[in-house]
Amino acid sequence: MTGTHNEEVIENKTYDEISIGDEAFLEKRLTMEDIKLFAIMSGDVNPAHVDDDFAKSSRFQEIIAHGMWGGALISTVLGTKLPGPGTVYLGQTLAFKAPVMLGDVLRVIVRVDQMDDKRHHIVFACRCENQRGDTVIEGEARVLAPTKKVSRQRTVMPEVRLSERGQLHAILTAADHPDPMHTAVVHPVDDSSIRGAVASAKQQLIIPTLVGPRDKILAAADTAEVDIQDFEIVDTPHSHAAAERAVQMARAGQIEALMKGALHTDELLHEVVKREGGLRTERCLSHVMAFDVPTYPRSLFITDAAINIYPGLAQKRDIIQNAIELAHAIGNAHPRVAILSAVETINPKLNATIDAAALCKMAERGQITGGILDGPLAFDSAVSEDSRATKGIESPVAGRADILMAPDLEAANMLMKQLSYLADAKGAGVVVGARVPIMLTSRADDALTRIASSALALLLADYQRKSLDKSRV
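These notes cover the structure that comes with them.

Re helix α1 (residues 32–42)
Within α1, burial applies to Asp34, Ile35, Phe38 and Ala39. One side of α1 holds all its buried residues, which, seen down the axis, span an arc of 130°. Projecting away from the buried face of α1 at angles above 90 degrees are the exposed residues Ile40 and Met41. Where α1 is buried, its residues touch β2 (23–29), α2 (47–50) and α4 (67–80). Directly beyond the C-terminal end of α1, a positive phi value near 80° is found at Gly43.

Structural data, given as structure tokens:
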């Protein structure tokens, strides 16, 4: 009987080395990751396998494995153990006797039942048992056995990591989100911006008012093949006028948020930050990118990657306070803020470390409120508990930061893009610190990112409105 194998070498048994009654087996525990990977590979997203709520109402009361997951394990035994490499699968018949549940340990056994010496065909009796000894699958498989010996180094397959939407996605797509906000979509005259507005409207996150040249907006909708007949269009001659008009509407209380269309960020923000007629508040504006990172157990905010190039101490104070306010808006009442630098010690030659120390003291004195601050912290110390422990850092923030404040725009922007392109992170961005939230969508943003940005802005607008109502009581 073959039950184990050399991890370094994969070797077959030729037809002449096999006899009636020979057996091989493997054991495998069913995990949720197995089910998801099989669903991705096969396209079989039957809710009995992947939808916990549906499964609870089914006859089995819980999620079960795909039937052919067990069939695939039978193929694994035949292709890697007995006969092994060089085996050609000719046919299989299976009967599924009982469901395989999460956590079940499947013992997959194949036994030589018939042999055809002329054609080198072998019929195997196949059986899968769970940890209780119950037969869950049985049947037979017919193969063409190899006639030449094969012994090769076992191929090391890459590890597979499921990139799933996490806590942030759950928050942003919650069924009980506030009513959609009236949003001025500024100069939506290209395919991506008009699609973003329509997608967010379909999700009942925004009620769009399209501000820009009417003819170009209609042409963009035709090109994108989207229906905008229910949306109000405010006709303006060009992008600069669109930005100016949208800001006026926000000041007048006609709209609750701005969404950037096909114009440059500077052009929109120029109107927003005007001292007369703009949307300034007592704080400076800053951009916050909220990420779901597959390898990190909590939502992660990065700031400021888009507006303040080399912020001074007063600006950094506002940037942190803006990020804390956004964290409160999505339900994190006590966000942990890591103020990043290259090192954890204060070094007069590194201005970021001096600023970090000053910001922490400002928080102690009540000049920054609503969050837990620490810094300077290197990136690894901020997000890795192992790194924190190795370095001996005692901190309420290190290893579990919710907000990362970079020393300048360049560092924040590079960090944001590294997470997006190398760590499969999914993000949503919004500008905080103005009278209304501002969505700075990019032409490279997909529909999911645009929808998530709208949801983030909606939660922020609702939080600010409720905070204002409380202050008036």
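What about the pattern of salt bridges?
Evaluation of the coordinates by the stated rule reveals 22 salt bridges. Salt-bridge contacts for Asp116 lead to Arg119; the nearest nitrogen and oxygen are separated by 2.9 Å. With a shortest N-O distance of 2.9 Å, Asp355 and Lys316 are connected by a salt bridge. Note that Asp355 is positioned in helix α11 (residues 351–364) and Lys316 in helix α10 (residues 313–329), a separation of 39 residues in sequence. Classification of Asp355 as buried rests on a relative accessible area of 17%. Within the structure, one salt-bridge network assembled from shared partners comprises Glu256, Asp462, Arg465 and Lys466.

Description of the packing of aromatic side chains
For the structure on display, the rule yields zero aromatic pairs. Positioned over the ring face of Phe25 is Arg107, at 3.9 Å from the centre of the ring. Of note, Arg298 hangs over the ring of Tyr296, and the distance from its end group to the ring centre comes to 5.4 Å.

Some words on empty space enclosed by the protein
Inspection of the entire model under this criterion finds one cavity of 30 Å³ or more. Taken as a whole, the largest cavity encloses approximately 40 Å³ of empty space. In this structure, the largest cavity is lined by Thr303, Asp304, Asn308, Pro311, Ile319, Met405, Ala406, Asp408 and Leu409. Looking at the lining of the largest cavity residue by residue, the classes come out as five nonpolar, two polar and two charged.

Thoughts on the layout of surface pockets
Approximately 890 Å³ is the volume attributed to the second largest pocket. As for the second largest pocket, its lining consists of 20 residues, and the residues nearest its centre are Lys28, Asp34, Leu73, Thr76 and Met157. Where the lining of the second largest pocket is concerned, the elements lending two or more residues are β2, α1 and α4. For the lining of the second largest pocket, the class distribution of residues is ten nonpolar, four polar and six charged.

Focus on the environment of Phe231
By the element assignment, Phe231 lies in the loop between α7 (214–224) and β10 (232–235). C-alpha of Phe231 to C-alpha of Val430: the two residues are 199 residues apart in sequence and 23 Å apart in space. Phe231 has contacts with Val198, Ala201, Pro208 and Leu210, leaving out every residue within four places of it along the chain.

Comments concerning the nonpolar core
The biggest cluster of nonpolar side chains holds 55 residues, and the ones touching the most others in it are Met181, Ile194, Leu210, Ile228, Phe301, Ile320 and Leu373. Counting residues per element, this core draws most heavily on helix α15 (residues 447–472), which supplies nine residues. Non-local contacts of Leu210, meaning those with residues more than four positions away in its chain, are made with Val185, Pro188, Ile194, Ala197, Ile217, Ile228, Phe231, Glu232, Ile233 and Val234. Of all hydrophobic cores here, the second largest spans 30 residues; its members include Ala24, Val77, Val100 and Phe124.

Section: the environment of Asn322
Mapping Asn322 onto the fold places it in helix α10. Distance in space between the C-alpha atoms of Asn322 and Arg283 is 8.2 Å, their sequence separation being 39 residues. When near neighbours in sequence (up to four residues on either side) are disregarded, Asn322 contacts Arg283, Cys284, Leu285, Ser286, Val432 and Gly433. Within the structure, Asn322 has its side chain in polar contact with the side chain of Arg283 (distance 2.8 Å).

Conventions and cut-offs
- Counting starts from 1 at the beginning of each chain's written sequence and moves along it residue by residue.
- With pLDDT at 70 or above as the cut-off, local features in this predicted model cover only qualifying residues; side-chain atom pairs require 80 or more to be listed or tallied, and sums for whole chains, interfaces and linings still use all residues.
- With hydrogens and water set aside, each side-chain value is computed from the structure's full complement of heavy atoms.
- Relative accessibility under 20% of the residue-type maximum defines a buried residue, over 50% an exposed one, and the middle range a partly exposed one, all with a 1.4 Å probe and only protein chains included.
- Only DSSP runs of H or I reaching four residues or more are called helices, and only runs of E reaching two or more are called strands; each is numbered from the N terminus.
- This arc is built from the directions going out from the helix axis to the C-beta atoms.
- In what follows, a contact means two residues having at least one pair of non-hydrogen atoms within 4.5 Å.
- Salt bridge, as used here, is a side-chain nitrogen of Lys or Arg placed within 4 Å of a carboxyl oxygen of Asp or Glu.
- What counts as a ring pair is set by centres within 6.5 Å for rings of Phe, Tyr and Trp (its six-membered ring), and what kind of pair is set by the plane angle: stacked under 30 degrees, edge-to-face over 60, tilted for all other angles.
- For a Lys NZ or an Arg CZ to count as sitting over a ring, it must be within 6 Å of the ring centre and within 35 degrees of the ring normal.
- With a 1 Å grid spanning the protein atoms alone, the term cavity applies to any set of points in which a 1.4 Å probe fits but cannot get out, the term pocket to an open set with protein on both sides within 12 Å along at least five of seven lines, and the term lining residue to any residue with an atom within 4 Å of a point.
- Grid points are joined across faces, edges and corners, and a volume is the space filled by probe spheres set on the points.
- Polarity classes work like this: nonpolar for Ala, Val, Leu, Ile, Met, Phe, Trp, Tyr, Cys and Pro, charged for Asp, Glu, Lys and Arg, and polar for all others, with Gly in that last group.
- The nonpolar core is taken to be a set of buried Ala, Val, Leu, Ile, Met, Phe, Trp, Tyr and Cys residues, with the residues joined through side-chain atoms within 4.5 Å.
- Pairs of N or O atoms within 3.5 Å make up the polar contacts considered here, provided that, within protein, one atom can donate a hydrogen while the other can accept it, and that residues adjacent in sequence are counted only when both atoms are side-chain atoms.

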